[in-house]
Structure formats: structure tokens, C-alpha cells
Amino acid sequence: MIRYIFALIAPMLLLASCEVVEGTEREPMDVGKYIARRATSYYLEMLQEYFDYAVVADWYLQTEDEELKEEIHNRFMPYYDIVMEDGIVRFQYDHSWNSNNNPRTYREYVTDDKPLSEGGEWKIVGSELTEVVIKATDGVYSFTTSGKYHENTFTISLLEHNINSGISYMVEGWLNVTNNDYDNLEDSDVVLVTEITAPLHYMSNSYNHNYFDEGTMDIVCDDKRIDRRDEVTVIFKIDNSAEVVYLGQREVWEY
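Residues numbered from 1 in each chain as written. Predicted model: local features only at pLDDT ≥ 70, side-chain atom pairs only at ≥ 80, totals over all residues. Heavy atoms only, no water.

1. A word on the confidence of the model for the protein
The predicted coordinates of low-pLDDT regions are not to be read in fine detail. Confidence along the protein averages 84 in pLDDT terms, with 82% of residues attaining 70 or more. Every residue in residues 1-24 scores below 50 in pLDDT, and together they form 47 contacts with partners more than four places removed in sequence or on other chains. (pLDDT = per-residue confidence, 0-100. Contact = heavy atoms within 4.5 Å.)

2. What to know about the packing of aromatic side chains
Per the counting criterion, the structure on display carries 22 aromatic pairs. Aromatic pair Phe51 and Phe143: ring centres 5.7 Å apart, planes at 40 degrees, arrangement tilted. Residue Phe51 is found in helix H2 (residues 28-61), and its partner Phe143 is found in strand S6 (residues 140-146); the two are separated by 92 residues along the sequence. Residue classification places Phe51 among the buried positions, given a relative accessible area of 0%. According to the relative accessible area criterion, Phe143 is buried, its value standing at 0%. With centroids separated by 5.4 Å and ring planes inclined at 85 degrees, the aromatic side chains of Tyr79 and Tyr207 adopt a geometry described as edge-to-face. Placement of Tyr79 in the loop between helix H3 (66-76) and strand S1 (80-85) and of Tyr207 in the loop between strand S9 (190-206) and strand S10 (209-223) is noted, with a sequence separation of 128 residues between them. Among the residues examined, Tyr79 registers a relative accessible area of 27% and is labelled partly exposed. Chaining the aromatic ring pairs together yields one cluster made of Tyr43, Phe51, Tyr141, Phe143, Phe154, Tyr169, Tyr202, Phe212, Phe236, Trp253 and Tyr255. Above the ring of Tyr60, the side-chain terminus of Lys69 is found at 5.0 Å from the ring centroid. Arg107 extends its terminal NZ or CZ atom over the ring of Tyr53, reaching a point 5.0 Å from the ring centre. (Phe/Tyr/Trp six-rings, centres within 6.5 Å; stacked < 30°, edge-to-face > 60°. Helix = DSSP H or I, 4+ residues; strand = E, 2+ residues; numbered from the N terminus. Buried < 20%, exposed > 50% of the residue type's maximum accessible area, 1.4 Å probe, protein only. Lys NZ or Arg CZ within 6 Å of the ring centre and 35° of its normal.)

3. What about empty space enclosed by the protein?
A complete count under the given rule lists two cavities of 30 Å³ or more for this structure. Approximately 60 Å³ is the volume attributed to the second largest cavity. Residue lining of the second largest cavity: Gln48, Asp52, Tyr53, Val56, Phe76, Met77, Ile167, Ser204, Ser206 and Tyr207, and that is the complete set. Those elements that provide at least two residues to the lining of the second largest cavity are H2 and S9. Looking at the lining of the second largest cavity element by element, the count peaks at four residues for H2. (1 Å grid on protein atoms, 1.4 Å probe; cavity = no way out; pocket = protein on both sides within 12 Å on 5 of 7 lines; lining within 4 Å. Points joined across faces, edges and corners; volume = space filled by probe spheres on them.)

Given below as C-alpha cells:
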């Protein structure tokens, strides 16, 4: 059993050796929790890095209150200045991260000159490995990405943002990940196929804290090297915890 467990999660452990200590025995549920952890981290990173950045930029640029702008910057985007020029929204390293004082861009969105909250379409194209399209229609957002190792289609609704409570919204859709950029594996060795089966409620209180507090995700981990397929269900709870269902077992897991 231990040999099977290590074979299943080996590709995921290549860059996460702290997860396994040599000689430590692992239970079957450890595999389920590891798969749940990886899938959850992909979701949270994708939402924060591409959708939340657009939300914060739109919120910041549409705010006329300079004091509120400063609070938005400090809480949700402390390392970047947000500027818009010729329909392009740029995140530029601020002075504390830019010693030579020349503007350096971390990320930029090409827009249709409309605020995102007013039905705009914002895209990331060109130099980044990931292509992103975010479009709003009557307060509902479509958020898609495509890249060499992942793709997703999300529908995001009930978006709210407040300087005190943070950013929140509901997420539906799916995300697939292949190998997560592990260059020493073949392109299709290990695949995570995920689907949101009950809408996820996403919360972000600050730049460093985002989580789900309700909803359900189904995950299929397909390891083609050993012809092994594993299925995991994650039911998100309050306080950064979730119930992991794997091989007929259930366990509450904190992430």
C-alpha cells in the first residue's frame, strides 16, 4: 500500500519534498488530502492572480476618494501601482520594489476602454504563458484562462468588495491541470481534472489571505504512468477547512 501511495503522488512531490519524510508511513487518506491540497491551491492561485487583480484594478480606478484608494492599495495590492493608459491597465512595481525608479510592469490587461464592472472585457495576451479573458455581463463574469499546462472556465457572480470585509464572490465551472509545469515529466503523465459541483464561496480579506468557506469540488487524478485513477471530493467549510472524501473515508482537513 505504501508503495502504491508513493507512486501515485510522486509527480506532485517533486517540488514539495517537505510533504514526505523518508521512512514515514502514510495512510491512504494522506493521498486524498494531498490531491485536495494541490487542487485547492491551483484554484486559489488562479482566482487571486488573474481575476482578483482585475477586480482590484477596476475598484481602484473607479474610486475618486483618494483615502480609499490608498487603503485599497495597501490592503490588496501593496507591491504595485495601478495605472491605466490608452486602454491598458498596468500593475507596476512601486518605488519600494523598484530601486532604479524606472516603471517596470508586472502584469497588464488590455481592455475595451470600459470598466470591468460596467460590462467591460479585459484580457491578458502576448508575453505571458497564460491567456486570460474576463468579461462582465449584467454583473456576472466569465473568466477563462488557457495555457500550456492548464485551462479553466469559471462563471463568477455575486461579486462584492468592501475595504473592511474584503472581496467575495461565488464561483462555478471547472479547472484542469496537467503536471503543473514539471519539466521532467511528459506532457500528459499526470492530469488533475476538477469540477465545481456546488458553487464555491470565495473570500479574500487581504493580499495574503484567500479561501473558500462553502461549496464542493470533485477531483480526478489520472496518473497515466501507472494507469491509476483516483477520485476525491472536497467539501469546503468555514475557517479555512474542508472535508475530504476519499476511498470511502472522510476527514476534516485544514488548509
